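Understanding the architecture of this molecule
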Amino acid sequence: MADFLPAPPELILASGSPRRRELLTHLGLPFRVVTSDIPEISVHTDPAAVARDLAEQKARAVRALLPGVNAHILASDTLVALHDPAFQGSALRGSAQGDTILGKPTDPEQNAEYLRRLSGRTHQVYSGVALLGPSGELHSGTEMTEVTFRALSESEVRHYAASGEGLDKAGGYGIQGLGMALVAGIHGDYSSVVGFPLALVISLLRGAGIAVWGQP
Ligand SMILES: Cc1cn([C@H]2C[C@H](O)[C@@H](COP(=O)(O)OP(=O)(O)OP(=O)(O)O)O2)c(=O)[nH]c1=O
């Protein structure tokens, strides 16, 4: 009688973000996408802890949708933090000791408001990643990258906000698109700003026994 090995756990990306899908594709692993809809509220206030917590929440929410499925679930969350005690916006996801956390702007007007705040300054982009294993083991971390914006004129702010590109993105801009023209400099992992820190993802995958590019 033939011996059958159990199928290895599949990899599930718990994200509706096309950027995350594209970046995970670079790792050459088969995966499928399953999304959930969590409210993106955290008990934490420190931006690094918020990003990690929300990534863990997204992974757990997808796990709850798939009882009995043998899978590693990978999730991520990205937010922009700006040290600016004076700013009290209406769509903040949290705030800690002068760190204002910017999520996605709700409309072009709020997008313009975010850009005015970011103009001529350095902010921090935090991307949390969580990998939830088939037996419930959870590994997670956060990557921080600093991005400096050029000093933007009011007409540049309005031009970019009217493009709509920033509306589905943390902080109201996309460094991989038109938003590249807003940026004077970056310090850290570029892929993390786009929403999926590949170095951290690779290390979490390998830590869970998943070989990446043939290397365990
Ligand atoms: C700052 C920045 C953010 N972003 C994106 C990455 C994330 O998709 C998004 C932040 O929102 P998230 O809530 O992290 O993710 P999401 O809602 O897009 O997707 P999901 O929760 O299903 O995984 O902002 C860019 O694409 N470019 C950038 O330069």
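All of the points below concern the structure found in this document. Here the structure is a predicted model, which is why all the values come from computation and not from measurement. (Residues numbered from 1 in each chain as written. Predicted model: local features only at pLDDT ≥ 70, side-chain atom pairs only at ≥ 80, totals over all residues.)

Here the focus is the site of the ligand. Near the ligand there are 24 residues, and of these Ser 15, Gly 16, Ser 17, Ile 175 and Gly 195 occur at the shortest range. For the shell around the ligand, the leading source of residues is strand S3 (residues 71-83), giving four residues. Along the lines of polarity and charge, the residues of the shell around the ligand split into seven nonpolar, 11 polar and six charged. (Near = placed C-beta within 6 Å. Helix = DSSP H or I, 4+ residues; strand = E, 2+ residues; numbered from the N terminus. Nonpolar A, V, L, I, M, F, W, Y, C, P; charged D, E, K, R; others polar.)

So, about the pairing of S3. Both faces of the sheet carry side chains from a regular strand, because those side chains alternate between them. The element S3 is extensively covered by neighbouring structure, given that 12 of its 13 residues are classed as buried. For strand S1 (residues 10-13) and S3, the ladder comprises four bridges, and the chain directions are parallel. Residue Glu 10 lies in a different strand from S3, and its bridge partner there is Ala 71. Bridge count for S3 against strand S6 (residues 122-132) is nine bridges, and the pairing is antiparallel. Bridge pairing in S6 places Val 80 opposite Val 125. Bridging between S3 and strand S5 (residues 99-102) involves four bridges; their strand directions are antiparallel. (Buried ≥ 20, exposed ≤ 12 C-beta atoms within 10 Å, placed from the backbone. Pairing = 2+ DSSP bridges.)

The residue Glu 40 is not glycine, and still its phi comes out positive at about 55°. Inspection of the secondary structure assignment puts Glu 40 in the loop between strand S2 (32-33) and helix H2 (47-65).

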